[in-house]
Amino acid sequence: MAGARGLALKKPSAIPGFGLALGFTLTYLSLIVLIPLAGLVLKSATLGLAGFLDVVTGPRTLAALRLSFVTALIAAILNAVFGVIIAWVLIRYRFPGRRLLDAFVDLPFALPTAVAGIALTALYAPNGWIGSWLEPLGIKVAYTPLGITIALIFIGLPFVVRTVQPVLEEFDRELEEASATLGASRRQTVFLVMLPTLLPAILTGFALALARAVGEYGSVIFIAGNMPFKSEIAPLLIIIRLEEFGYAQAAAIGTAMLMISFAILLFVHLVQAWSRKRFGQ
Amino acid sequence: MTDAAIAPLLLSTPRPKAVTTEQPLVRYALIGVAIIFLVVFLFLPLASVFVEALRAGLGTYFASITEPDAVSAITLTLLIAAIAVPANVIFGLAASWAIAKFDFSGKSLLNSLIDLPFSVSPVISGLIYVLLFGAQGYFGPYLKSENIQIIFALPGMVLATIFVTFPFVARELVPLMQEQGTQDEEAALSLGASGWKTFFKVTLPNIRWALLYGVVLCNARAMGEFGAVSVVSGHIRGRTNTMPLHVEILYNEYNFAAAFAVASLLALLALITLVIKITLEWRYVDQIAASRRH
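Residues numbered from 1 in each chain as written. Chains lettered and ligands numbered in written order. Predicted model: local features only at pLDDT ≥ 70, side-chain atom pairs only at ≥ 80, totals over all residues. Heavy atoms only, no water.

(A) Broad picture of the interface of chain A and chain B. The interface of chain A with chain B comprises 94 residues on the first partner and 96 residues on the second. Carbon and sulfur atoms make up 80% of the surface buried where chain A meets chain B, a total of about 8,600 Å² over both sides. The largest per-residue losses of area from chain A upon contact with chain B belong to Ile15(A), Tyr93(A) and Trp129(A), which jointly make up 8% of the total buried on that side. Counting across the chain A and chain B interface gives 3 salt bridges. Notably, a salt bridge pairs Asp106(A) with Lys277(B), separated by 2.3 Å at the nearest N-O pair. For the interface between chain A and chain B, the tally reads 14 residue pairs in polar contact (both at pLDDT 80 or more). (Contact = heavy atoms within 4.5 Å. Buried area = accessible area lost by both parts, 1.4 Å probe. Salt bridge = Lys/Arg side-chain N within 4 Å of Asp/Glu carboxyl O. Polar contact = N/O pair within 3.5 Å; in protein donor to acceptor, adjacent residues only side chain to side chain.)

See below:
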């Protein structure tokens, strides 16, 4: 009996509806997500390994993948720095307008990406509110990789703020007091006691912002300029290949991007596992 | 907001002992940096949408959002959301019932698979359906012989929207229902209620605010999705153009006033979404388990 229970796939329960709920969940998940994604990988597999590598390491594809990744990386690093400052200010300080500011952080989650794209382009175009200030300084933002980075900062910011905020909120003030009592300066307390505890959350937020930014399309294409080899992001190249009916090539670039995303997700999981081991949470 | 305006208020509020906070100068500097960053990167883009939309006057504004192509884009956007959101609500309820109320092997794998669409680029979310149902796709020849159109038509756009909004409802419900446990349901069942009655009378009221929270976020993304829908739409004016796609077409035709007018409707939707979201987070903080997870 005990052996049979150990082998059973589900623990017995008085609640009904397990079969229906799980059956529907698995069917829906397979039809909407798993089978279509498998189709993508299968399609790129029709090229064979050599053909796949040929597409992915072609100069134009490589330039697009590199641009997507590097701009996303820069944006995620800036978001990590400013996201921590914003989370810190929102949790630690009291000032008028704080709750409004806090609510506003979620704007990039709610604002459609195409709207963000045209708004940012209007702002940073040479005749825009910000662009007209930067133009005399010789800084061109719109239609350059710098513009792509700005758009990616916009969409990635909430990820860092919202992952760091709850950890900072629950931070034990007694640790800070202990550190101060033992003679640490405030700077030492912040950088040697607090930041290491926040590090897993910061890294998680950073990785989530990075993963989102690598695949971002809507907010970027308006401001990017979309010049092959210069300001053409990987998702745009997929669309171009698709319009040429290069299904297998599009699938290959898509598979390469999926692999990048999964590597980033794996990083998140490793960080969280390490953090549980280190801080026992 | 200047530091001078903040200073007296900061001093008058009770604050923790000096050892657990920074020097006033550092504090003001950090608050300043945070405000400037949020104003430049978030507030200015939002404000510019409304300013650009109204630049050509109210007449042009209303003409732009009431012309037939705009109206058909708005209708199509509403229609797609009206199909995609309920589909994901039913899925979210089923998935959270299975995951939260039962113990079975493979549960954590299932939980992470639900979040999968969040880590997929929107363009890939559209691409996968083109590979399946497009003219050169796996089912292309069959669909053509049966005269069924999925890509460049409503079904494809609905599928792509369902994909990108897939996790929204489930990820709000699963953690909350796991927290709530099964005692309430067991009590109802032992008192003789049927399974469905237990679900509608006990479980659903317990999760209603989290469900609404998930629906609001799901709906915002469904109405605003651009990349995935763009790949499968075909951009046929008046037929397969949603609001975000209509914005793109107008913008690329240098019809900026009209593009921003339609965009301002989407920005308004985003603001309404934020207000509902914040209200739910403030009023029902205990009943929204995942309010801090995104």
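On we go from here.
(B) Molecular detail of the layout of surface pockets. Size it by volume and the second largest pocket reaches roughly 630 Å³. Lining the second largest pocket we find 28 residues, and of these Val130(B), Ile151(B), Phe152(B), Val231(B) and Gly234(B) sit closest to its centre. Counting residues per element, the ones that place at least two in the lining of the second largest pocket are helix H13 (234-243) of chain A together with helix H6 (122-133), helix H7 (140-145), helix H13 (227-233) and helix H14 (243-252) of chain B. Of all the elements, H13(A) adds the most residues to the lining of the second largest pocket, at 5 residues. Class assignment for the residues of the lining of the second largest pocket results in 17 nonpolar, 8 polar and 3 charged. (1 Å grid on protein atoms, 1.4 Å probe; cavity = no way out; pocket = protein on both sides within 12 Å on 5 of 7 lines; lining within 4 Å. Points joined across faces, edges and corners; volume = space filled by probe spheres on them. Helix = DSSP H or I, 4+ residues; strand = E, 2+ residues; numbered from the N terminus. Nonpolar A, V, L, I, M, F, W, Y, C, P; charged D, E, K, R; others polar.)

(C) Highlighting the nonpolar core. In this structure, Ile32(A), Ile86(A), Leu111(A), Tyr124(A) and Tyr129(B) are the most contacted members of the largest nonpolar core, which totals 193 residues. Setting aside its immediate chain neighbours within four residues, Ile32(A) contacts Tyr129(B), Leu159(B), Ile162(B), Phe163(B) and Phe166(B). (Core = buried A, V, L, I, M, F, W, Y, C linked by side-chain atoms within 4.5 Å. Buried < 20%, exposed > 50% of the residue type's maximum accessible area, 1.4 Å probe, protein only.)

(D) Seen up close, the packing of helix H10 (residues 173-181) of chain A against helix H11 (residues 186-215) of chain A. All names here are of chain A. As a packed pair, H10 and H11 sit with axes 10 Å apart at the nearest point and diverge in direction by 130 degrees. Comparing their axes, H11 and H10 come out oblique. The crossing of H10 and H11 is right-handed. When H10 is examined against H11, the residues Glu 176, Ser 179 and Ala 180 are found in contact with a partner set consisting of Arg 186, Thr 189, Val 193 and Met 194. Among the residues forming the contact of H10 with H11, the class breakdown is 3 nonpolar, 2 polar and 2 charged. (Axes fitted to C-alpha atoms, helices over the stretch in contact; angles between N-to-C directions. Parallel < 35°, antiparallel > 145°, perpendicular 65-115°, else oblique. Left-handed = near helix turned anticlockwise from the far one by under 90°.)

(E) A look at a nonpolar patch on the surface. Residues and elements named next belong to chain A. On the surface, Phe 69, Val 70, Leu 73, Ile 74, Ile 77, Leu 78 and Val 81 cluster together into a nonpolar patch covering about 510 Å² of accessible area. Following the sequence through the fold, Ile 77 ends up in helix H4 (residues 59-92). Here Ile 77 falls in the partly exposed class, since its relative accessible area comes to 45%. (Patch = residues over 30% accessible without salt bridge, like charges linked within 9 Å, V, L, I, M, F, W, Y side chains within 5 Å. Areas by Shrake-Rupley, 256 points an atom, 1.4 Å probe, with all protein chains shown as cover.)

(F) Up close: unusual backbone geometry. Residue and element names in this part refer to chain B. Of note in this structure, Asn 147 is not a glycine but carries a positive phi near 60 degrees. Relative to the elements of secondary structure, Asn 147 occurs in the loop between H7 and helix H8 (154-165). When its relative accessible area of 72% is taken as the criterion, Asn 147 is described as exposed. Residue Phe 152 is not a glycine yet carries a positive backbone phi of 65 degrees. Relative to the helices and strands, Phe 152 is located in the loop between H7 and H8.

(G) Highlighting the packing of aromatic side chains. The final tally for this structure, using the stated rule, is 26 aromatic pairs over all chains. Pairing Trp97(B) with Phe199(B) gives two aromatic rings, centres 5.7 Å apart and planes at 80 degrees, and the pair type is edge-to-face. Of this pair, Trp97(B) sits in helix H4 (residues 68-101) while Phe199(B) is found in helix H11 (residues 195-206), placing the two residues 102 residues apart along the sequence. In this pair, the class of Trp97(B) matches that of Phe199(B), namely buried. Their ring planes at 85 degrees and their centres at 5.0 Å tell us that Phe118(B) and Phe168(B) sit as a pair that is edge-to-face. Separated by 50 residues along the polypeptide, Phe118(B) in the loop between helix H5 (107-115) and H6 and Phe168(B) in helix H9 (residues 167-180) bring together distant segments of the chain. Grouped by ring-pair contacts, the aromatic residues Tyr217(A), Phe222(A), Phe226(B), Tyr251(B), Tyr254(B), Phe256(B) and Phe260(B) constitute a single cluster. In this structure, Lys43(A) is placed above the aromatic ring of Tyr138(B), and the distance from its NZ or CZ to the ring centre is 5.5 Å. One cation-aromatic arrangement involves Arg92(A) over Trp88(A); the distance from NZ or CZ to the ring centre is 5.4 Å. (Phe/Tyr/Trp six-rings, centres within 6.5 Å; stacked < 30°, edge-to-face > 60°. Lys NZ or Arg CZ within 6 Å of the ring centre and 35° of its normal.)

On their own, these measurements won't tell you what the molecule is for.
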